[in-house]
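Observations on chain architecture
Residue strings, one per chain:
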Amino acid sequence: MKKTIIFKRLYVDYSKKYLNKIILSAILSLLVAASTSSIAWLLDPAIKKIFIEKDQSLLIIIPLGIILAFAVKGISLYVARAIMIGVAEEVKKTLQVHMLRSLINSDTQAIDQKHSGKFISNVTYDVTHITNLLTNAVLNLFKDSLTLIGLLFVMFYQNWKLSLIAIIMIPLASLSARTLGKRMSKVATEAQEKSGFLTTYLVELFKNHKLTKIFQKETFEMQRAETHLHQLKEKTKKIALVLVRLTPVMEILTGIMIATLIFYSGKLIVKNEIDVNNFFSFLAAMMLAYQPVRTLSSLNIVINQGLSAAMRILPIIDTKNSIKDCTDAKELNISEGNISLKNISFRYNLSEGNVLKDINLDFKGGKMTSLVGHSGSGKSTILNLIPRFYDVQSGEITIDGQSIYNSKINSLRKHISLVSQETTLFDDTIKNNIKYANENASDEEIYEAARLSYCEEFIQKLPNKYETLIGEDGVRLSGGEKQRISIARAMLKKSSIILLDEATSSLDSETEKKIQDALKILTHNKTSIVIAHRLSTILNSDRIYVIQSGKVMDYGKHDELLIKSDIYKNFYDKQIQK
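Heads up: these notes are all about the structure in this document. (Residues numbered from 1 in each chain as written. Predicted model: local features only at pLDDT ≥ 70, side-chain atom pairs only at ≥ 80, totals over all residues. Heavy atoms only, no water.)

**Examining the sheet that holds strand β7 (residues 497-501)**
Inclusion rule: Strand pairing requires that DSSP identify at least two bridges connecting the strands. What counts as a helix is a DSSP run of H or I of at least four residues, what counts as a strand is a run of E of at least two, and both are numbered from the N terminus. To obtain an axis, a line is fitted to C-alpha atoms, over the contacting stretch when the element is a helix, and the angle between two such axes runs from 0 to 180 degrees between their N-to-C directions.
Read from one edge of the open sheet, 6 strands run β6-β7-β8-β3-β9-β10, paired in mixed fashion. If you trace the sheet from one side to the other, it starts and ends with β6 (416-420) and β10 (551-556), each paired once. Along the sheet, successive strands turn relative to each other by an average axial angle of 15°, direction set aside. Where strand β3 (residues 368-372) meets strand β8 (residues 527-531), 4 bridges bridge the pair, whose relative direction is parallel. Directly across from Leu371, in β8, lies its bridge partner Ile531.

Written out as structure tokens, the structure reads:
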């Protein structure tokens, strides 16, 4: 992506709406430039009238003028910076909103391909550099360009010969900054990658802290943490060193310029071609010009840093969800709830083989159908295809004769509830976790769902009842308690299709019966598709499919499969006939 395209995109999509504020900041920058230039200009009459001619009438006026000039400069600069900070923060928030909207609406496969830590780094680390691009680069471009022009005017007014010598440092400084800017772009990209790795590591470290302790890996993890921190430190250090590398160049150039000017101006003073007061006014203007020249010279570095960040952010914002409504998508209307998978083939990546191979399945409406098979046989994949978490490469899935690919995704998913072995809860109250299924649910409906899912018995023992905060991923609850909240959430949605993926795998035997009773209520007269680790939970299914290596090996009721399916009988013998 070219720099001009990125600049245009950042302006049109994110900064244009704040153009009036940016213009106001530019006007204030003009006041900063004028007041800075006036400070240098006032030194001419100050030295000539007060120190040389000893005119006491200006002894108060000129110092007051200098104070006023500094006051105007300070206030104008403060207001200009405050305005640009506000604009930058608005742009930062908008970028973050657009990134998160894109990520939240992304298809499951796109999210799965990148670690969450990398996305977190994009949302936090990269956006900050774009903020710096706006607050520092844009404001400094206005302020320092105008200030430099004003000071050059003062310098040429005092003596054009000296001015020509002084301005030689500007292209030299710009050339040095241009070289460093290219280096900065590469280093900034490397630093972002290391920041992403560190964020990824921290997410996993805190998530797996119990694992670290039980395997006594504290020392190992400290070494890994130090490695990540060291690598990030080295990249951040490189960025800082690139930024300060311009300082010695500018100092040397300034020293050469001042020495040359003193030498040359001394000759001019001897020849009476320039007065002492003109020289000091010129020298003051040149010294004041040092800061804007230095800032403008380093502007290329800040711009490259911001553009590198934008190159990583904008593709995320532009990511198109491959799973979307077709142009003539219709509302899905469910009457019976019959689900049919016809000639389905599916693979997660084009470079990999098919996970499902030309399978055909029928799930009868209002009945329970179970899927049995070894881990990796494709059972969970089948469940994920029905709500269109993934789309098939070939085949058709219909609900009551309506293709899910010709139906609106929202109308499809509103009819489906999922209870998985990987219970997902938020660091929020129990009430809000249950209510997540239906924001419009009344308290009575929430309490009813909790009662039917046997959550009530442990909720009432908690100090804050339904308002109890359960911690990250429900860490303050047991596995069985978390699973029951997940079931309560599914009940509250009142869907006509229920997907149960190892829903009882996290439960102890004492809790299992209560959960089974809750699941019976949840699945009553619903189209239910069940993946069960324990065959005892699916013996009464209306139909059981035996899945192996992505193919349907057999199907029927429990008693039938015991006779005709060796695979199923083997499962049964290992679990039941012990």
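And the narrative resumes.
**Things to note about the pairing of β7**
Side chains on a regular strand alternate between the two faces of the sheet. Heads up, the rule is: Remark: exposure states derive from per-residue accessible area (1.4 Å probe, protein chains only) relative to the maximum for the residue type, with buried under 20%, exposed over 50%, and partly exposed in between.
The element β7 is largely enclosed, with a buried count of 5 among its 5 residues. Here β7 shows two buried faces, one formed by Ile497, Leu499 and Asp501 and the other by Ile498 and Leu500. Relative to β7, β6 runs parallel, the two sharing 5 bridges. Among the inter-strand pairings, Ser417 is bridged to a residue of β7, identified as Ile498. The pairing of β7 with β8 spans 5 bridges and is classified as parallel.

**Observations regarding helix α17 (residues 479-493)**
As a reminder, the rule being used: For a helix, the expected span equals 1.5 Å multiplied by the residue count minus one.
In this model α17 runs 22 Å from its N-terminal to its C-terminal C-alpha over 15 residues, within 8% of the 21 Å that 1.5 Å per residue would give. Most of α17 sits inside the fold, with 13 of its 15 residues counted as buried. Taken from the residues just after α17, Lys494 is the one with a positive phi, measuring 55°.

**Some points on the sheet that holds strand β5 (residues 402-403)**
A sheet is described by the order of its strands in space; here 4 strands give the open sequence β2-β1-β4-β5, paired in antiparallel fashion. Each end of this open sheet is capped by a strand with a single partner; those strands are β2 (356-363) and β5.

**As for the nonpolar core**
Let me state the cut-off plainly: As used here, the term nonpolar core means buried Ala, Val, Leu, Ile, Met, Phe, Trp, Tyr and Cys residues forming a set that is joined through side-chain atoms within 4.5 Å. Throughout, a residue-residue contact means that at least one pair of heavy atoms, one from each residue, lies within 4.5 Å.
Judged by nonpolar contacts, the single largest core of 38 residues is most densely connected at Ile430, Ile434, Phe458, Ile485, Ile487 and Leu522. Among the secondary structure elements, those contributing two or more residues to this core are α14 (430-435), α15 (443-452), α16 (456-459), α17, β7, α18 (509-523), β9 (543-548) and α20 (566-575). Among the elements that make up this core, the one with the highest residue count is α17 (6 residues). Beyond its immediate chain neighbours, meaning those up to four positions away, Ile430 contacts Phe458, Ile459, Leu462, Lys465, Tyr466, Thr468, Ile470 and Ile485.

**What to know about the packing of aromatic side chains**
Which entries qualify depends on this criterion: Two rings from Phe, Tyr or Trp (for Trp, the six-membered ring) form a pair when their centres are within 6.5 Å of each other. A pair whose planes differ by under 30 degrees is stacked, one over 60 is edge-to-face, and the rest are tilted. Each ring is checked for a lysine NZ or an arginine CZ that lies within 6 Å of its centre and within 35 degrees of its normal; such an atom marks a charge sitting over the ring.
Counted by the stated rule, this structure contains 7 aromatic pairs. Here Phe346 and Tyr348 contribute two aromatic rings whose centre-to-centre distance is 4.8 Å and whose plane-to-plane angle is 85°, an arrangement assigned as edge-to-face. A residue is classified by how much of its surface remains accessible, and Phe346, at 1% relative accessible area, is buried. Joined through ring pairs, the aromatic side chains of Phe346, Tyr348 and Tyr390 make up one cluster. The ring of Tyr555 carries the charged tip of Lys564 above its face, separated from the ring centre by 5.5 Å.

Any functional reading would require information that these geometric values do not contain.
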